[in-house]
Amino acid sequence: MEENVKNQLDQIGNIVDEKIEKAFNQAKDNAKGEMESSLKSEIDNLTTQYVEKSEALNKRMDEMEIAAKKTLSGATPQSFKSAIEGALKDGAIDAMVKGNANAARFEVKADMSLGADVTGVIAAETIVDQIKYDPSRSVHIRSLLPLGSTDGQTIRFPKESAYSDNAAATAETSAFGQSDFDLAASTVNVEKIGTYMRITGEMLDDIKQLTSYLSARVPEKVLSVEDNEILNGDGSSPNLDGLFTDGTAFAAGDFALAIESANEFDVLTVALNQLNLSNYQADTILLNPTDLHKMILLKSTANEYLRNQIFSGLQPTINGIPVTVNTAVTAGKFLVGNLRQSSQLWIRENLAVEFSREDSDNFQKNFVTVRAMERVALTNYLPNAIVQGTFSTAKTALETA
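Description of the structure in this document.

Conventions and cut-offs
Residues numbered from 1 in each chain as written. Predicted model: local features only at pLDDT ≥ 70, side-chain atom pairs only at ≥ 80, totals over all residues. Heavy atoms only, no water. Helix = DSSP H or I, 4+ residues; strand = E, 2+ residues; numbered from the N terminus. Contact = heavy atoms within 4.5 Å. Areas by Shrake-Rupley, 256 points an atom, 1.4 Å probe, with all protein chains shown as cover. Salt bridge = Lys/Arg side-chain N within 4 Å of Asp/Glu carboxyl O. Axes fitted to C-alpha atoms, helices over the stretch in contact; angles between N-to-C directions. Parallel < 35°, antiparallel > 145°, perpendicular 65-115°, else oblique. Nonpolar A, V, L, I, M, F, W, Y, C, P; charged D, E, K, R; others polar. Patch = residues over 30% accessible without salt bridge, like charges linked within 9 Å, V, L, I, M, F, W, Y side chains within 5 Å. Buried < 20%, exposed > 50% of the residue type's maximum accessible area, 1.4 Å probe, protein only. Core = buried A, V, L, I, M, F, W, Y, C linked by side-chain atoms within 4.5 Å. Pairing = 2+ DSSP bridges. Polar contact = N/O pair within 3.5 Å; in protein donor to acceptor, adjacent residues only side chain to side chain. Expected span 1.5 Å × (residues − 1). Arc of directions from axis to C-beta.

**Considerations on the overall build of the chain**
- If you tally the helices and strands in the chain, you get 13 helices and 13 strands.
- The long-range fraction of contacts in the chain, counting pairs at least 24 apart against all pairs at least 6 apart in sequence, stands at 75%.
- Carbon and sulfur atoms form 49% of the exposed surface of the chain, whose accessible area is close to 24,700 Å².

Have a look at this one:
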């Protein structure tokens, strides 16, 4: 029997002992050794009550334990014993022990959870200060180009538009052939790329790391737009002249209709040859990630992967030329180029993030305007140093009839 239950039954026993001692004292005072009949009757009743309640309690405990074993036969986080101890400690059978009730009943709830049994925030919380977000592009196209700085609105550069070449081996006393060339001035404008957002002063004050988050996250979004402009801009202000726009289209040349089961490796090899024929050595191959991974899965007719032609260590290369993947490259398109010679990105105002209350009704409403902006221009000096195209069209041009 549980210790708490024993203590409660002992209380009844102590009452009986007190009555017996009182009766004994009365008997000593009474010469005849007789006790009051009412006291004797009270002792008899308490003794009977003690025995009956002890037996009833033992029976009740046995029934409850058997029932609990049936209902809690599955594994439960809280044991039956600990549940009973808690209920008895809370006085579940006090009324029965004191004789004020004939039976005691209480429910044992062995399973509890925060979701089912707790309302509001009770448990402690740990707040992670750093704001989490998906990563931006690991490589931006500007990192592949030479950079220049300017203090003007327009970039003007001379460009050879034609060349008449009459250089030749010449006999003694014979006149050399005359050569000449034409130059044309080309210009591009500095264009503006940026964005802004308005946030409350309360957000800046109360959200830890918000300033750091904005200073890192917003510029990356602007650089993603810059990537797209450098690659695909149509040259119509405010857009840049993109590499795909100004680059030379893929030409099959001597490989036209000459390659059996032409694949992406074949296309890029012919593009490299096209550059070589113009006396350029490629320094970059630009692909969409999906196209690179398609190439990694290509197999030979013997069902062997061709991926060994791509990776040399961790840097993917094709025919020794580094491959850069960028999601700004449209899936299915490719670009092979000598970008260090072909193009240059000019910086008029470098990318910066600014915070200001001097905008609209910011001061009245406690708003802060966050602006990220840059001013840049792209000059594509040598379109022949870039070969661009689509894999589907190029493979068709190479495939044997």
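**Some points on the pattern of salt bridges**
- Inspection of the entire model under this criterion finds eight salt bridges.
- A salt bridge links Arg198 to Asp361; its shortest N-O distance comes to 3.0 Å. On the criterion of sequence distance, the pair formed by Arg198 in strand 4 (residues 191-200) and Asp361 in the loop between strand 11 (343-356) and helix 12 (362-365) is long-range, its members being 163 residues apart.
- If you follow the salt bridges from partner to partner, you end up with Arg142, Glu226 and Glu374 in one network.

**As for the packing of helix 9 (residues 264-277) against helix 13 (residues 391-398)**
- It is the contact of helix 9 with helix 13, at a shortest axis distance of 9 Å, that shows an interaxial angle of 85 degrees. What the angle tells us is that helix 9 and helix 13 run roughly perpendicular. Note on element contacts: helix 13 touches helix 9 through Phe391, Ala394, Lys395 and Leu398, opposite Glu264, Asp266, Val267, Leu268 and Val270.
- Within the contact of helix 9 with helix 13, the residues separate by chemical class into six nonpolar, no polar and three charged.

**Brief notes about a nonpolar patch on the surface**
- Side chains of Tyr163, Phe181 and Leu183 sit close together on the surface and give an oily, nonpolar patch of about 360 Å² of accessible area.
- Checked against the element boundaries, Tyr163 lands in strand 2 (residues 154-164).
- You can call Tyr163 partly exposed: its relative accessible area is 47%.

**Some details on the nonpolar core**
- One finds Phe250, Phe334 and Val336 to be the most contacted residues of the largest nonpolar core, which totals 31 residues.
- Counting residues per element, the ones that place at least two in this core are helix 9, strand 6 (284-287), helix 10 (289-296), strand 9 (321-325), strand 10 (333-337) and helix 13.
- Broken down by element, the residue count for this core peaks at seven residues, all from helix 9.
- Once residues within four sequence positions are removed from consideration, Val336 is found in contact with Leu268, Ala271, Leu272, Leu275, Ala282, Thr284, Ile285, Ala385, Ile386 and Val387.
- Membership of the second largest hydrophobic core comes to 26 residues, among which are Leu145, Leu214, Leu243 and Val370.

**A short note on the sheet that holds strand 4**
- Across the sheet, which stays open at both edges, the four strands sit in the order 1-11-12-4 with mixed pairing between neighbours. Each of the sheet's edge strands pairs with one partner strand only, and the pair in question is strand 1 (147-149) and strand 4. Geometrically, the sheet is characterised by an average inter-axis angle of 30 degrees between neighbouring strands, direction not taken into account.

**Some remarks on the pairing of strand 8 (residues 315-318)**
- Relative to strand 9, strand 8 runs antiparallel, the two being bridged by two bridges. Across the sheet, residue Thr317 finds its bridge partner in strand 9, namely Pro322.
- If you look at the hairpin formed by strand 8 and strand 9, you'll find two residues sitting between the two strands, and Asn319 has a positive phi there, around 55 degrees.

**Overview of the side chain of Asn288**
- Along the chain, Asn288 turns up in the loop between strand 6 and helix 10.
- In terms of polar contacts, Asn288 uses its side chain to reach the backbone amide nitrogen of Thr290, at 2.9 Å.
- Apart from the residues within four sequence positions on either side, Asn288 is in contact with Asn326, Thr327, Val329, Thr330 and Ala331.

**Some details on the environment of Ala162**
- Its location among the elements puts Ala162 in strand 2.
- With 22 residues separating them in the primary sequence, Ala162 and Ala184 have C-alpha atoms 9.1 Å apart.
- Once residues within four sequence positions are removed from consideration, Ala162 is found in contact with Phe181 and Asp182.

**Brief notes about helix 9**
- With 14 residues, helix 9 ought to run about 20 Å at 1.5 Å a step, and its terminal C-alpha atoms sit 20 Å apart, in line with that.
- Turning to helix 9, its buried residues number three or more, namely Glu264, Phe265, Val267, Leu268, Val270, Ala271, Leu272, Gln274 and Leu275.
- Sitting at the head of helix 9, Asn263 places a side-chain oxygen 2.9 Å from the backbone nitrogen of Phe265.
- Phi turns positive, to about 70 degrees, at Asn279, one or two residues after helix 9.

**So, helix 13**
- Buried within helix 13 are the following residues: Phe391, Ala394 and Leu398. The arc enclosing the buried residues of helix 13, seen along the axis, measures out at 70 degrees, which places them on a common side. The outward face of helix 13, more than 90 degrees from its buried face, is lined by the exposed residues Ser392, Thr393 and Thr396.
- Residues of helix 13 that are buried make contact with helix 9, strand 6, helix 10, strand 10 and strand 13 (386-390).

**So, the side chain of Asn263**
- Here Asn263 is to be found in the loop between strand 5 (248-249) and helix 9.
- On the accessibility criterion, Asn263 (16% relative accessible area) is buried.
- When near neighbours in sequence (up to four residues on either side) are disregarded, Asn263 contacts Leu298, Leu306 and Lys395.

**Some details on the environment of Gly337**
- Structurally, Gly337 can be placed in strand 10.
- Put simply, Gly337 and Leu243 are 94 residues apart on the chain and 9.4 Å apart in space, counted from C-alpha to C-alpha.
- Those residues within four positions of Gly337 in sequence are excluded, and the remaining contacts are Leu275, Ala282, Asp283, Thr284, Ala385 and Ile386.

**Considering the environment of Ala216**
- Checked against the element boundaries, Ala216 lands in helix 7 (residues 210-232).
- By relative accessible area, which is 34% here, Ala216 ends up partly exposed.

**A word on the pairing of strand 9**
- Where strand 6 meets strand 9, three bridges bridge the pair, whose relative direction is parallel. Within strand 9, the residue paired with Leu287 across the bridge is Val325.

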